[in-house]
Amino acid sequence: MMRWNNDRWRSAARRVTAWILVATLAPAAWAQAPKPSAAASDLTQLVDITAKSGIHFMHLTSPAKKYIVESMSGGVALIDYDRDGWPDIFFTNAPDVDMSLAGTKARSALYHNNHDGTFTDVTEKAGVGYPCWAMGAAVGDVNNDGWPDLLVSCFGGVVLYRNNGDGTFTDVTKASGLSSDAGWATGATFGDYDNDGYVDLFVPHYVDLDLKDLPTLGSKKPCMYHELAVQ
């Protein structure tokens, strides 16, 4: 029978400690080992083709103005609205407070994919140019007819456009029961949460803000947005 004296215990302890260090440090050493470098020609390159694409959309934003609602709107959705296998693009837009109080709207835009790297503005034909003070957009087939429909989240609720299958959309917000939402809808998403085969809708909201009862700048303790005082 082997007897373990103090020297033998210390020797065994040193061996165990060494193996623990190896097991602990080896992955870090491997992670820090230099990786084979790929030639520049093998790397994917991204090129800005906006100017050649035919997309001339300009989003209105007012970051220098007083109210946060004027600087945080803006969204985009990819939607193959004509089901030709090529993604088309919908851009949301929004006015500032002064424009809205004066009844001036901001134009959103739908661009059709021409299959050659260019796009054509089809907003007027599609009928989706002026949904609301738009924040974001979501795409889903709400009636299971095979055509993607478009929902726009707004400062003031949501707008639902049904795809007519002919390049045009119809505003069915009221008919769908969504017109009762008058809150600040910042975004939206579709999902079949009960697995019944029909998409359901989730709409998150932001703060309560009334354009006809706006706070006077400095009258209350302001919110801080990236170290900037905002109302």
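Report on the accompanying structure. All values derive from a computational prediction rather than experimental measurement.

## A short note on the overall build of the protein chain
Looking only at helices and strands, the protein chain has four helices and 12 strands in total. Looking at the protein chain as a whole, 32% of its 231 residues are labelled buried. The long-range share in the protein chain, meaning contacts at least 24 apart out of those at least 6 apart in sequence, stands at 49%. Total accessible area computed for the protein chain in this model is approximately 15,000 Å², and 58% of it derives from carbon and sulfur atoms.

## Regarding the sheet that holds strand E6 (residues 149-154)
Pairing is antiparallel in the open sheet, where four strands are placed in the order E5-E6-E7-E8. The two strands at the open ends of the sheet, each matched to only one other strand, are strand E5 (134-140) and strand E8 (169-171). The mean inter-strand angle of the sheet, taken between neighbouring strand axes irrespective of direction, is 25°. Both E6 and strand E7 (residues 157-163) contribute to a ladder of five bridges, which runs antiparallel. Following the sheet pairing, serine 153 is matched in E7 by valine 158.

## Topic: the packing of aromatic side chains
Enumeration over the complete set of coordinates arrives at six aromatic pairs. When the ring of phenylalanine 91 is compared with that of tyrosine 111, the centres are 5.9 Å apart and the planes differ by 85°; the resulting orientation is edge-to-face. Residue phenylalanine 91 is found in strand E2 (residues 88-91), and its partner tyrosine 111 is found in strand E3 (residues 109-113); the two are separated by 20 residues along the sequence. Across the pair, exposure class does not vary: phenylalanine 91 and tyrosine 111 are buried alike. Each ring, one from tryptophan 184 and one from tyrosine 206, has its centre 4.8 Å from the other, and the planes form 90°; the classification is edge-to-face. Placement of the pair is tryptophan 184 in the loop between E8 and strand E9 (189-191) and tyrosine 206 in the loop between strand E10 (200-202) and strand E11 (223-225), with a sequence separation of 22 residues. Residue class for tryptophan 184 comes out buried when judged on its relative accessible area of 3%. Taken together, the ring pairs connect Trp133, Phe155, Trp184 and Tyr206 into an aromatic cluster.

The rules behind each value
- Residues numbered from 1 in each chain as written.
- Predicted model: local features only at pLDDT ≥ 70, side-chain atom pairs only at ≥ 80, totals over all residues.
- Heavy atoms only, no water.
- Helix = DSSP H or I, 4+ residues; strand = E, 2+ residues; numbered from the N terminus.
- Buried < 20%, exposed > 50% of the residue type's maximum accessible area, 1.4 Å probe, protein only.
- Contact = heavy atoms within 4.5 Å.
- Areas by Shrake-Rupley, 256 points an atom, 1.4 Å probe, with all protein chains shown as cover.
- Pairing = 2+ DSSP bridges.
- Axes fitted to C-alpha atoms, helices over the stretch in contact; angles between N-to-C directions.
- Phe/Tyr/Trp six-rings, centres within 6.5 Å; stacked < 30°, edge-to-face > 60°.

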